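Next come the chains, spelled out residue by residue.
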Protein chains: 2
Amino acid sequence: MMTITEALDQRRRGLDEAVSDRTRGASQLARRCLTILADYARSYPATDTPDLAEALQTFALDLRTARPSMAAVRNLTDRFIACLKELHGQPLMAARQLAIGGAAAVAQQSLWAGQEVSRLAAGLIDEGQTVITHSLSSTLLATFRSLTGRAVHAVVTESCPLREGLILVQELSRLAVATDYITDAQVGIFAARSDLAIVGADSVLADGSVVNKAGTYLLALAARDAGIPFYACCESFKFTEFGAENVMLEEMSVDELRAPELPHVRLRNVYFDITPARLITAIVTEKGVRPPGNATACP
Amino acid sequence: MMTITEALDQRRRGLDEAVSDRTRGASQLARRCLTILADYARSYPATDTPDLAEALQTFALDLRTARPSMAAVRNLTDRFIACLKELHGQPLMAARQLAIGGAAAVAQQSLWAGQEVSRLAAGLIDEGQTVITHSLSSTLLATFRSLTGRAVHAVVTESCPLREGLILVQELSRLAVATDYITDAQVGIFAARSDLAIVGADSVLADGSVVNKAGTYLLALAARDAGIPFYACCESFKFTEFGAENVMLEEMSVDELRAPELPHVRLRNVYFDITPARLITAIVTEKGVRPPGNATACP
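To keep things clear, this report deals only with the structure shown in the data block. Just so we're clear, the structure is a prediction, and the values are computed from it rather than from any experiment.

**Considerations on the sheet that holds strand E2 (residues 153–157) of chain A**
Strand-to-strand pairing in sheets goes through backbone hydrogen bonds, with the strands running parallel or antiparallel.
At step 1: Pairing in this open sheet of 8 strands is mixed, and the strands run E11(A)-E10(A)-E7(A)-E4(A)-E1(A)-E2(A)-E3(A)-E8(B) from one edge to the other. Looking at the sheet topology across the chains shown, the edges are occupied by strand E11 (288–290) of chain A together with strand E8 (265–267) of chain B. Along the sheet, successive strands turn relative to each other by an average axial angle of 25 degrees, direction set aside.
At step 2: Across 4 bridges, strand E1 (residues 130–133) of chain A lies against E2 of chain A in parallel orientation. Paired with Thr130 of chain A across the bridge in E2 of chain A is His153 of chain A.
At step 3: Contacts between helix H5 (residues 92–122) of chain A and the sheet are confined to strand E7 (230–233), strand E10 (282–285) and E11 of chain A, with E10 of chain A contributing the most and set at about 135 degrees to the helix.
At step 4: Taken strand by strand, helix H7 (residues 165–174) of chain A contacts E1, E2 and strand E3 (178–182) of chain A together with E8 of chain B, and its axis lies near 160 degrees from that of E2 of chain A.

**Side note on the relation of the copies chain A and chain B**
At step 1: Turning chain A through 180 degrees and shifting it by 0.0 Å along the axis lays it on chain B, with an RMSD of 0.1 Å. Both chain copies can therefore be described as sitting about a two-fold axis.

**Some remarks on the interface of chain A and chain B**
At step 1: Residue-level contacts link 50 residues of chain A with 49 residues of chain B.
At step 2: Counting the surface lost from both chain A and chain B, the interface buries some 4100 Å², and carbon and sulfur atoms represent 57% of this.
At step 3: Linking chain A with chain B are 8 salt bridges, by the criterion used here.
At step 4: Here Arg266 of chain A and Asp180 of chain B are joined by a salt bridge, their closest N and O atoms 3.0 Å apart.
At step 5: For the interface between chain A and chain B, the tally reads 28 residue pairs in polar contact (both at pLDDT 80 or more).

About the criteria used
Residues numbered from 1 in each chain as written. Chains lettered and ligands numbered in written order. Predicted model: local features only at pLDDT ≥ 70, side-chain atom pairs only at ≥ 80, totals over all residues. Heavy atoms only, no water. Pairing = 2+ DSSP bridges. Helix = DSSP H or I, 4+ residues; strand = E, 2+ residues; numbered from the N terminus. Axes fitted to C-alpha atoms, helices over the stretch in contact; angles between N-to-C directions. Contact = heavy atoms within 4.5 Å. Least-squares fit on C-alpha atoms with pLDDT ≥ 70 in both. Buried area = accessible area lost by both parts, 1.4 Å probe. Salt bridge = Lys/Arg side-chain N within 4 Å of Asp/Glu carboxyl O. Polar contact = N/O pair within 3.5 Å; in protein donor to acceptor, adjacent residues only side chain to side chain.

The structure is reproduced here in structure tokens:
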């Protein structure tokens with residue numbers, strides 16, 4: 001067992017990882033938070049079960065707000081916190097196992113929901129069609145995986161500043177999906193050459209609008225102007241009761257812009273934008289493919 | 001005087017420069033072509049005046065089509081070609097001077113028109129307003145220069161792949177203009193925080209739609225969605241009689257994308273997009289500020 005100092009250090013590192021991660025999608029990061037919590041349940045030097053439960057709850061509450069643009073992180077840690085009730089009255093060893101098992105179960109539900117979303121999204125894409133997307137979504141990657149052999153063509157954006165698009169094209173290349181890799185500024189040109197636009201989502205707001213990597217809103221505008229459908233894919237635990245007015249759009253380190261500091265110039269790195277529900281054809285959740293107004297029931 | 005081999009080499013280098021230049025705007029590049037032609041007039045080892053006129057015309061015809069997305073290059077070299085008629089019957093030395101003077105006069109007209117456009121564009125911007133733009137336009141930079149001291153705020157995009165936006169923010173920093181520098185993907189977020197959008201234009205098509213750096217169309221879509229006006233600034237010699245169906249959008253080297261070559265993946269670098277006239281509030285030329293339908297008379 002760790003010392004309390006080591007445990008607090010582990011907690012600090014876990015929280016840092018959740019705050020600073022830039023490559024995982026919201027669901028992946030939420031599941032990573034559950035793994036971090038399970039590790040903490042395993043190693044925290046608790047004196048008794050209430051001590052363990054309190055330590056886990058305190059950590060989970062920190063993680064829950066680490067990424068305000070990602071409802072999945074909040075909702076999955078909330079589910080984990082709900083599991084902590086089961087620890088009450090259990091011996092310490094059993095309580096640890098319940099907490100670890102609870103984290104695993106929530107992660108498993110999330111994985112299942114993600115697979116179901118991918119399956120339903122694949123059903124939207126016909127043989128030979130061209131799909132344009134923005135940023136990296138593990139759900140969407142799974143969708144492409146299930147479509148191999150169906151002659152689907154992909155258009156993938158660079159997704160500056162960190163260029164997650166490069167990761168996606170490498171995966172698509174392995175899957176032998178014919179892919180055009182474009183700069184974010186070419187989205188308008190290539191939306192007009194595509195049959196449909198599909199993106200992942202970091203959160204879905206109360207009115208059905210979607211929070212996702214900056215540039216998603218531009219793709220939605222271009223899709224509407226080109227007359228092609230625009231779908232957002234996400235598990236229902238990414239839904240939130242908040243409206244756009246209550247969403248804090250995270251602004252990340254401007255170092256990512258690789259631009260010089262200059263007098264009078266502010267480098268800006270707003271990571272997410274909000275695509276209004278009126279631009280969204282349908283939201284794909286594990287419960288089905290529904291227009292944003294009808295898909296917003298919280299789980 | 002050069003040898004004919006040296007002259008042909010000079011011509012080849014001049015054409016290469018026109019084809020491969022990525023940092024100059026259309027007017028600047030068109031004026032650079034005129035300088036290249038004047039240098040050629042100065043150094044071409046002509047046997048007589050008809051020989052000089054023919055050499056200049058041949059070279060000008062090459063330069064004229066070097067950049068199909070830039071009407072200014074075609075129109076200004078056309079004006080230079082028209083000047084070559086004046087050489088007829090002149091002694092060789094006088095013919096050289098006429099050609100050099102003709103190139104300078106056309107460049108001067110272009111400079112004057114650009115200054116007039118900047119002056120009219122400045123009139124569209126009120127004290128304290130926020131102006132969002134895309135890519136680098138010398139006309140727009142001159143506009144900002146004339147606005148110093150009027151507390152105007154600028155939003156400047158990176159403009160990938162070559163990041164001309166960095167050049168613009170450096171100039172704005174020198175002018176002490178308060179500027180937000182953003183990635184191209186943040187255009188939707190920041191258009192909603194701006195009072196107006198203004199861009200330069202590489203060409204204006206017959207129906208009033210505008211050819212400009214890829215991403216301009218996305219800014220126009222975002223401006224319309226945000227309810228702010230979208231202006232394109234350009235001298236009237238950037239107007240063309242062509243329609244969108246006849247425009248070849250230049251695709252540049254994919255090396256600029258700094259992305260790996262992968263099986264099944266095509267890197268794409270379409271440099272320009274077309275912003276339809278319906279998204280444009282007005283086009284600013286040296287003749288005035290007019291809706292695209294009324295501004296399209298060729299000079």
